[in-house]
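Residue-level structure breakdown
Read off the chains here:
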Amino acid sequence: METRRIGSLTVSVVGLGCNNFGMRIDEDRTRAVVDAAIDAGITLFDTADVYGGTKSEEFLGRALGGRRDQVVVATKFGAPLSGEGSGGASPAYVKSACEASLRRLGTDRIDLYQLHFPDQNTPVDDTLGALDELVREGKVREVGCSNFTPAMIDAAGQSASEKNTVSFASVQNQLSLLERRHLHDLLDACQRNGLAVLPYFPLASGMLTGKYRRNEAPPEGTRLANVPAERRDRVFSDRNFDIVERLEKLAAERGHTLLELAMSWLAGLPSMGSVIAGATSPEQVRANAASVDWTLTADERAEVDAISAPEA
């Protein structure tokens, strides 16, 4: 599989999102998914302390076992866990959250440690200072952010430069053909500051796999089968189905699937690090891993962009 760079890290262009571990799939199924990912050439495994109520990190660490050095482990901190006083990006919490993640993952270092959400109550200087200490201690190799706006990325970059601390090497934001608002502003900020993009929900909760059909109930076992109706209705909008149906037709005319179009479009964006896609079965992992071989022409990208352009 093609590889990309996130700071000093080398990662596969398709990564595995581990948010299903401990939530939608148990430990045995987690192990099967991890095994399939490694067999398919996936080297980036992205989790978070909050996923599966902390079980995701535990399941991932045990599933990797003796293969830990073959992969890049990314996790996140900052989202509130059960119990008072958890969450945020204060220096004290950064350090305690890191120790807890290291313990759950069963490892001596985190390859990419990411702030899950901006903390409006903690200056980014303080957070980067704490992360810098973890890097110097060898507990973290690279640091990243998630759900940051372009302005926040610029502010963090300026802070790192002025304070001579570690800087963010990546930003993980929601990005897909159905969620591409402020895309160009984000890419510009990443290029200015040397960040790699890690899109999450690249398949828009399954809408960009073709598994959902207009005016039909979601298949049992799918991500949207058991979510609140209000959320499902937002995803199942007429606009989204209009876009999906047009994209599916475009892909089919070129001998490709909608999944291949969605993943390859992302992989071809500037500053793209790794397209992180979740999976609940080995079959899904293999399909995701094989989906980025289509290099879209400039004309194809223009047509796709026109179809999926966000509303003004």
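What counts and what doesn't
- Residues numbered from 1 in each chain as written.
- Predicted model: local features only at pLDDT ≥ 70, side-chain atom pairs only at ≥ 80, totals over all residues.
- Heavy atoms only, no water.
- Helix = DSSP H or I, 4+ residues; strand = E, 2+ residues; numbered from the N terminus.
- Rg over C-alpha atoms; globule rule 2.2 N^0.38 Å.
- Buried < 20%, exposed > 50% of the residue type's maximum accessible area, 1.4 Å probe, protein only.
- Contact = heavy atoms within 4.5 Å.
- Areas by Shrake-Rupley, 256 points an atom, 1.4 Å probe, with all protein chains shown as cover.
- Lys, Arg positive; Asp, Glu negative; His and termini not counted.
- Charge placed at Lys NZ, Arg CZ, Asp CG, Glu CD.
- Salt bridge = Lys/Arg side-chain N within 4 Å of Asp/Glu carboxyl O.
- Phe/Tyr/Trp six-rings, centres within 6.5 Å; stacked < 30°, edge-to-face > 60°.
- Right-handed = clockwise from strand over helix to strand, strands pointing away.
- Core = buried A, V, L, I, M, F, W, Y, C linked by side-chain atoms within 4.5 Å.
- Expected span 1.5 Å × (residues − 1).
- Polar contact = N/O pair within 3.5 Å; in protein donor to acceptor, adjacent residues only side chain to side chain.
- Pairing = 2+ DSSP bridges.
- Axes fitted to C-alpha atoms, helices over the stretch in contact; angles between N-to-C directions.
- Parallel < 35°, antiparallel > 145°, perpendicular 65-115°, else oblique.
- Left-handed = near helix turned anticlockwise from the far one by under 90°.
- Nonpolar A, V, L, I, M, F, W, Y, C, P; charged D, E, K, R; others polar.

This part takes up the overall build of the protein chain. Check the secondary structure of the protein chain and you find 11 helices and 10 strands. Taken over the C-alpha trace, the protein chain has a radius of gyration of 19 Å; the compact-globule value for 312 residues is 20 Å, and the two agree within 12%. Its C-alpha atoms put the protein chain at 55 × 45 × 40 Å along the principal axes. For the protein chain, the proportion of its 312 residues judged to be buried stands at 54%. Pairs at least 24 residues apart make up 79% of the contacts formed inside the protein chain by residues separated by at least 6 positions. With the model as given, the accessible surface of the protein chain reaches about 13,600 Å², and the carbon-plus-sulfur share is 47%. For the protein chain, the separation between the mean place of its 34 positive charges and that of its 44 negative charges on side chains is 2 Å.

For the coordinates displayed, the defined rule picks out 30 salt bridges. Among the ionic pairs, Arg62 bridges to Glu27, the shortest N-O distance being 2.6 Å. Taken together, the positions of Arg62 in helix α2 (residues 55-64) and Glu27 in helix α1 (residues 27-39) put the pair 35 residues apart, joining distant regions of the chain. One connected set of salt bridges, linked through shared partners, spans Lys249, Glu253, Arg254, Glu300 and Glu303.

Under the criterion given, the structure shown has five aromatic pairs. Taking 4.7 Å as the distance between ring centres and 35° as the angle between the ring planes, the aromatic pair formed by Phe77 and Tyr113 counts as tilted. You can see Phe77 sitting in strand β5 (residues 72-77) and its partner Tyr113 sitting in strand β6 (residues 110-115), a full 36 residues away along the chain. For the residue pair Phe77 and Tyr113, the accessibility class agrees, reading buried in each case. Judged by centre distance (5.6 Å) and plane angle (80°), the rings of Phe148 and Phe168 are edge-to-face. Highlighted residues: Phe148 in the loop between β7 (140-146) and α5 (150-163) and Phe168 in strand β8 (residues 168-174), separated in sequence by 20 residues. When sorted by exposure, Phe148 lands in the same class as Phe168, which is buried. Among the aromatic residues, those joined into a ring-pair cluster are Tyr212, Phe236 and Phe241.

Another point: the pairing of strand β3 (residues 14-17). Residues Val14 and Leu16 line one face of β3 and the alternating positions Gly15 and Gly17 line the opposite face, and both faces are buried. Taking the sense of rotation as the criterion, the β-α-β connection linking β3, α1 and strand β4 (residues 44-46) turns out right-handed.

The next thing to look at is the nonpolar core. Of all hydrophobic cores here, the largest spans 89 residues; its most connected members are Leu16, Phe45, Leu131 and Leu208. Ranked by the residues each element gives to this core, the list is headed by helix α9 (residues 258-267), at eight residues. Excluding residues that lie within four positions of it along the chain, Leu208 makes contacts with Ser176, Leu177, Leu178, Pro202, Leu203, Val244, Leu247, Leu258, Leu259 and Ala262. Core analysis: the second largest hydrophobic core is formed by 11 residues, Leu44, Ala196, Leu198 and Ile276 among them.

With 13 residues, α1 should reach 18 Å at 1.5 Å per residue; the first-to-last C-alpha distance of 18 Å fits that figure. Here α1 starts with a cap whose side-chain oxygen sits 3.3 Å from the backbone nitrogen of Asp28, and that cap is Asp26.

What the eight strands build is an open sheet, ordered β9-β8-β7-β6-β5-β4-β3-β10; its pairing is parallel. Edge positions in the open sheet fall to β9 (196-200) and β10 (275-278), since each of these has one partner strand only. The mean angle between the axes of side-by-side strands here comes to 30°, regardless of whether they run parallel or antiparallel. When β4 meets β5, the two strands line up parallel, connected through three bridges. Note on β5: the bridge partner recorded for Leu44 is Val72.

Let us look at the packing of α1 against α2. Closest axis-to-axis distance for the α1/α2 pair is 9 Å, and the angle between their directions is 55°. Put simply, α1 runs oblique to α2. Along this stretch, α1 crosses α2, giving a crossing that reads as right-handed. Note on element contacts: α2 touches α1 through Phe59, Leu60, Arg62, Ala63 and Leu64, opposite Glu27, Thr30, Arg31, Val34 and Ile38.

All right, on to the side chain of Thr127 then. Here Thr127 shows up in helix α4 (residues 124-136). On the basis of relative accessibility, which here comes to 2%, the residue Thr127 falls in the buried class. Among the polar contacts made by the side chain of Thr127, one reaches the main-chain carbonyl oxygen of Ala89 at a distance of 2.8 Å.

So, on to the packing of α9 against helix α11 (residues 298-308). As a packed pair, α9 and α11 sit with axes 12 Å apart at the nearest point and diverge in direction by 105°. By the angle between their axes, α9 is roughly perpendicular relative to α11. Only Arg301, Val304 and Asp305 of α11 make contact with α9, whose side of the interface consists of Leu261, Ser264 and Trp265. Class assignment of the residues belonging to the contact of α9 with α11 gives a composition of three nonpolar, one polar and two charged.

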